[in-house]
Amino acid sequence: MTTSALRRLAPALAMVAALVAAWQIYVAVSGIRPALLPSPLRVAQQGWSHRDEIAVHAGATLTVTLIGFAVSLTLAWALAILVDFSPWLRRAFVPLFVASQTLPIIAIAPLMIIWFGFGLLPKVLVISLATFFPMAIGLIEGFAATDREAGALLRSMRASRWQVFRYVRLPSALPRFFTALRIGITYAVVGAVFAEYVGASKGLGIYMSLQKNSFRTDLVLAAVLVTAAISIALYLLTFAVERVVAPWSRMERGHG
């Protein structure tokens, strides 16, 4: 990690450290029972003691997150490209994309379990519903925001519609896409955990549910921290991918 990155992260890290310290002090001074609010030290100790079990559930959550997100990503790209090539499809699909966001995941997830059982499919569908919209809209708006003069220049050189898309519209859309990708990947982890919470045999969602029923608040919080760590790691990974795939987008955001 570079020095400039550490400087940007310093305020957030200081705030986290202050909150953890305040939490530890409050638990020590108040004498509150660990079943209600364990100290950060206890959460860390118990999480480490149960690390093998938590790792198994974390692996299951990460697997279903990546599968569901891959499906959502593929559909978002396919439909966004179709919409960009056809104004009629844009008028037909975009309102449906928006309408899909009015469906509450908290209500849809149990129905997915009822309809499709406790296997992989319902979890993939929940993740896809949670993540498809921001990525599809990010791509569609990115394509639409292309510099018209650049497109006109290529067309004046007898470039085909596909060549204009490949050399102008696609590169122009990538910065917005990666912004949407970062939103989507965090939704994916939340969607996976929630789907597991409703019904699963493995995963951090079901693990938290089981520990909550056993009044092991410390292990619930340990699983929450692991979930947050997975979300942050995947979020940061998008920057590494963006640096390789679309390095110019950093300059557009003023980082170059």
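The rules behind these values
Residues numbered from 1 in each chain as written. Predicted model: local features only at pLDDT ≥ 70, side-chain atom pairs only at ≥ 80, totals over all residues. Heavy atoms only, no water. UniProt positions renumbered as here; feature names shortened; annotations may be inferred. Helix = DSSP H or I, 4+ residues; strand = E, 2+ residues; numbered from the N terminus. Buried < 20%, exposed > 50% of the residue type's maximum accessible area, 1.4 Å probe, protein only. Axes fitted to C-alpha atoms, helices over the stretch in contact; angles between N-to-C directions. Parallel < 35°, antiparallel > 145°, perpendicular 65-115°, else oblique. Left-handed = near helix turned anticlockwise from the far one by under 90°. Contact = heavy atoms within 4.5 Å. Nonpolar A, V, L, I, M, F, W, Y, C, P; charged D, E, K, R; others polar. Phe/Tyr/Trp six-rings, centres within 6.5 Å; stacked < 30°, edge-to-face > 60°. Lys NZ or Arg CZ within 6 Å of the ring centre and 35° of its normal. Arc of directions from axis to C-beta. Patch = residues over 30% accessible without salt bridge, like charges linked within 9 Å, V, L, I, M, F, W, Y side chains within 5 Å. Areas by Shrake-Rupley, 256 points an atom, 1.4 Å probe, with all protein chains shown as cover. Salt bridge = Lys/Arg side-chain N within 4 Å of Asp/Glu carboxyl O.

- In the nomenclature of an unreviewed UniProt entry, the protein is known as ABC transporter permease of Rhodococcus daqingensis.
- Taken from UniProt, the Subcellular location (unreviewed entry) comment for the protein reads in full: "Cell membrane".
- UniProt's Sequence similarities (unreviewed entry) comment on the protein is quoted here verbatim: "Belongs to the binding-protein-dependent transport system permease family."

Re the overall build of the protein
Part 1 of the argument: Scanning the protein from terminus to terminus reveals eleven helices and zero strands.
Part 2 of the argument: Along its sequence from the N terminus, the protein presents helices and strands in the succession α-α-α-α-α-α-α-α-α-α-α.
Part 3 of the argument: In terms of principal-axis extent, the alpha carbons of the protein reach across some 75 × 50 × 30 Å.
Part 4 of the argument: Expressed as a percentage of its 256 residues, the buried residues of the protein come to 37%.

Some words on the packing of helix H5 (residues 105-116) against helix H8 (residues 161-198)
Two quantities define a packed helix pair, namely the angle between the axes and the distance from one axis to the other.
Part 1 of the argument: Direction vectors running N to C along H5 and H8 enclose 55°, while the axes themselves pass 9 Å from each other. Here H8 runs oblique to H5, going by the angle between their axes. Crossing of H5 over H8 shows right-handed handedness. Here Ile105, Ile106, Ala109, Pro110 and Ile113 of H5 lie close against H8, whose contacting residues are Phe194, Ala195 and Val198.
Part 2 of the argument: Its residues assigned to classes, the contact of H5 with H8 comprises eight nonpolar, no polar and no charged.

Things to note about the packing of aromatic side chains
Part 1 of the argument: By the definition in use, this model includes three aromatic pairs.
Part 2 of the argument: Centre to centre, the rings of phenylalanine 177 and phenylalanine 178 are 5.3 Å apart; their planes meet at 65°, and the pair counts as edge-to-face.
Part 3 of the argument: Ring centres of tyrosine 235 and phenylalanine 239 lie 5.4 Å apart, and the angle between their planes is 70°; this geometry places the pair in the edge-to-face category. Within this pair, tyrosine 235 and its partner phenylalanine 239 are both found in helix H10 (residues 217-245), separated by four residues, close to a single helical turn.
Part 4 of the argument: Members of the aromatic cluster, connected to one another through ring pairs, are Trp77, Phe177 and Phe178.
Part 5 of the argument: The side chain of arginine 182 reaches across the aromatic face of phenylalanine 239, ending 4.0 Å from its centre.

A few points about the side chain of aspartate 84
Part 1 of the argument: Relative to the assigned elements, aspartate 84 resides in helix H3 (residues 51-85).
Part 2 of the argument: Ignoring sequence-local partners within four residues, the contact set of aspartate 84 consists of Phe143, Arg161, Phe165 and Arg169.

Looking at the environment of isoleucine 127
Part 1 of the argument: Locating isoleucine 127 in the fold gives a position in helix H6 (residues 120-144).
Part 2 of the argument: The buried category is assigned to isoleucine 127, whose relative accessible area is 0%.
Part 3 of the argument: If near-sequence neighbours (up to four positions away) are discounted, isoleucine 127 is found in contact with Val64, Thr65, Gly68, Phe69, Ala188, Gly191 and Ala192.

Regarding helix H2 (residues 40-49)
Part 1 of the argument: When we look at burial in H2, the residues that qualify are Pro40, Val43, Gln46 and Gly47. The buried residues of H2 occupy one face: seen down the axis, they fall within an arc of 135°. Exposed residues lying more than 90 degrees from the buried face of H2 are Trp48 and Ser49.

So, the UniProt feature "transmembrane region" (unreviewed entry) in the protein
Part 1 of the argument: The UniProt record marks residues 54-80, 92-118, 124-145, 179-199 and 219-241 with the feature "transmembrane region" (unreviewed entry), using the residue numbering of this structure.
Part 2 of the argument: Helix makes up 95% of residues 124-145 and strand 0%, and the two end C-alpha atoms of the span are 31 Å apart.

Description of a nonpolar patch on the surface
Part 1 of the argument: On the surface, Leu111, Ile114, Trp115, Phe116 and Leu121 cluster together to form a nonpolar patch covering roughly 530 Å² of accessible area.
Part 2 of the argument: It is H5 that contributes the most residues to the nonpolar patch, four residues altogether.
Part 3 of the argument: Along the chain, leucine 111 falls in helix H5.
Part 4 of the argument: With relative accessibility at 32%, the residue leucine 111 sits in the partly exposed group.

Remarks on the packing of H3 against H10
Part 1 of the argument: Here H3 crosses H10 at 40°, and the two axes come no closer than 11 Å. In terms of orientation, H3 lies oblique with respect to H10. Two packed elements cross with a definite hand, and for H3 against H10 that hand is right-handed. Residue-level contacts link Ile54, Ala58, Leu62, Thr65 and Leu66 of H3 to Ala222, Val226, Ile230 and Leu234 of H10.

A few points about the pattern of salt bridges
Close approach of charged atoms allows side chains of opposite charge to pair.
Part 1 of the argument: For the structure shown, the criterion picks out five salt bridges.
Part 2 of the argument: A salt bridge links arginine 169 to aspartate 84, with the nearest nitrogen and oxygen atoms 2.8 Å apart. On the criterion of sequence distance, the pair formed by arginine 169 in helix H8 and aspartate 84 in helix H3 is long-range, its members being 85 residues apart.
Part 3 of the argument: Taking the relative accessible area as the measure of exposure, aspartate 84 reaches 12% and is therefore buried.
Part 4 of the argument: Between glutamate 242 and arginine 182 there is a salt bridge; the shortest N-O distance is 3.1 Å. Taken together, the positions of glutamate 242 in helix H10 and arginine 182 in helix H8 put the pair 60 residues apart, joining distant regions of the chain. Each member of the pair, glutamate 242 as well as arginine 182, carries the same accessibility label: buried.
Part 5 of the argument: Shared partners join several salt bridges into a network, and the residues in it are Arg42, Arg216 and Asp218.

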